[in-house]
Amino acid sequence: LWEDSVEVLFGHRDALSPITAYWEKRHLDVRNSGFRFETRALPISNIYILADRAEESRLPIVEPLNLREAALGLTANAFGSYLLDGKRRVEEFLQVTRLVQEVPVRLVKPHSDIATLGQLRDVILRDQRASHRP
């Protein structure tokens, strides 16, 4: 997490240790901090892509993406795709294409003011509840 996020979430910038002495990013050890990952396999109801922060009064908002935008957004955010050769890139693209046909993808546009983090959470939760498919 960046220091400003640590301050908003934990009260002060030094609440988490630095990843390295040469970088301002902080480390959150999920396993030893009271947080936990879900242990059960659960269906995915939505996928959210986080856009850059901006200073627009209407933000934060969540917008649906069409299939093309969703596939391109997920492909652009795939970790390590620069390591894939041509055949594996095709496989990745086919998997992403199948995924976006099954699971709605939404673009989250946060406000640049970190103090709106709680509002951003509420917007995402409202969107998730409104789009929940049985």
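Heads up: the structure comes first, above all this text.
Residues numbered from 1 in each chain as written. Predicted model: local features only at pLDDT ≥ 70, side-chain atom pairs only at ≥ 80, totals over all residues. Heavy atoms only, no water.

## Re the overall build of the protein
Let me state the cut-off plainly: Only DSSP runs of H or I reaching four residues or more are called helices, and only runs of E reaching two or more are called strands; each is numbered from the N terminus. Think of it in three bands: residues with accessible area under 20% of the maximum for their type are buried, residues over 50% are exposed, and the middle band is partly exposed, with areas taken using a 1.4 Å probe on protein chains only. Whether two residues are in contact is decided by their heavy atoms, any of which lying within 4.5 Å being enough.
For the protein, the count of helices and strands is four helices and three strands. Along the protein, helices (α) and strands (β) appear in the sequence α-β-β-α-α-β-α when read from the amino end. Projected onto its principal axes, the C-alpha coordinates of the protein cover approximately 45 × 35 × 35 Å. Among the 134 residues that make up the protein, the fraction classed as buried is 25%. Excluding contacts between residues fewer than 6 apart, the proportion of contacts in the protein whose partners are at least 24 apart in sequence is 67%.

## Here we look at helix 2 (residues 67-76)
Since there are 3.6 residues in each turn of an α-helix, residues three or four apart along the chain are aligned in direction. Note the threshold: The arc in question is formed by the directions pointing from the helix axis toward the C-beta atoms. Counted as a polar contact is a pair of N or O atoms within 3.5 Å, where, for protein atoms, one must be capable of donating a hydrogen and the other of accepting one, and residues adjacent in sequence contribute only when both atoms are in side chains.
All buried positions along helix 2 are accounted for by Ala70, Ala71, Gly73 and Leu74. Along helix 2, the residues classed as buried sweep out an arc of 165° about the axis, all on the same side. Turned more than 90 degrees from where helix 2 packs its buried face, Arg68 and Ala76 sit exposed. Structurally, helix 2 contributes buried residues whose contacts are with strand 1 (47-50), helix 3 (86-102) and strand 3 (105-109). The distance from a side-chain oxygen at the start of helix 2 to the backbone nitrogen of Arg68 is 3.1 Å, and the residue carrying that oxygen is Asn66.

## Some details on the pairing of strand 3
This is how the line gets drawn: Note: two strands are recorded as paired if DSSP finds a minimum of 2 bridges between them.
Across the five residues that make up strand 3, a large majority, four, are buried. With four bridges joining them, strand 1 and strand 3 adopt parallel strand pairing. Pairing of Ile49 across the sheet is with Leu107, part of strand 3.

## So, the packing of helix 2 against helix 3
To keep things clear, this is the line we draw: Each axis is a line fitted through C-alpha atoms, and for a helix only the stretch in contact is used; angles between axes span 0 to 180 degrees, taken between their N-to-C directions. Angles are sorted into four bins: roughly parallel if under 35 degrees, roughly antiparallel if over 145, roughly perpendicular if 65 to 115, and oblique for all others. Here a crossing is taken to be left-handed if its near helix is turned anticlockwise relative to the far helix by less than a right angle, and right-handed if that turn runs clockwise.
Viewed as axis vectors pointing N to C, helix 2 and helix 3 meet at an angle of 130°, and their least axial separation amounts to 9 Å. Classed by the angle they form, the pair helix 2 and helix 3 counts as oblique. Two packed elements cross with a definite hand, and for helix 2 against helix 3 that hand is right-handed. Contacts from Leu67, Ala70, Ala71, Leu74 and Thr75 of helix 2 reach helix 3 at Glu92, Phe93, Val96, Leu99, Val100 and Gln101.

## Examining the pattern of salt bridges
Threshold: Salt bridge, as used here: a side-chain nitrogen of Lys or Arg that lies within 4 Å of a carboxyl oxygen of Asp or Glu.
Going through the model one piece at a time under the given rule, you end up with twelve salt bridges. The shortest N-O distance in the salt bridge between Asp127 and Arg106 comes to 2.6 Å. With a gap of 21 residues between them, Asp127 in helix 4 (residues 117-130) and Arg106 in strand 3 connect regions that are remote in the sequence. Three or more residues joined by partner-sharing salt bridges are found here, namely Glu3, Glu7, Arg13, Asp14 and Arg26.

## Details of unusual backbone geometry
For residues other than glycine, phi is negative in most cases, and the peptide bonds are mostly trans. Residues Leu59 and Pro60 are joined by a peptide bond in cis, for which omega reads 10°. Structurally, Pro60 is set in the loop between strand 1 and strand 2 (61-64).

## Notes on the side chain of Glu3
Its place among the elements puts Glu3 in helix 1 (residues 3-10). Residue Glu3 is classed as buried on the basis of its relative accessible area of 17%. Within the local environment of Glu3, its side chain forms a polar contact with the side chain of Arg13, the two groups lying 3.4 Å apart. Among all residues touching Glu3, those that are not within four sequence positions of it are Arg13, Glu24 and Arg26.

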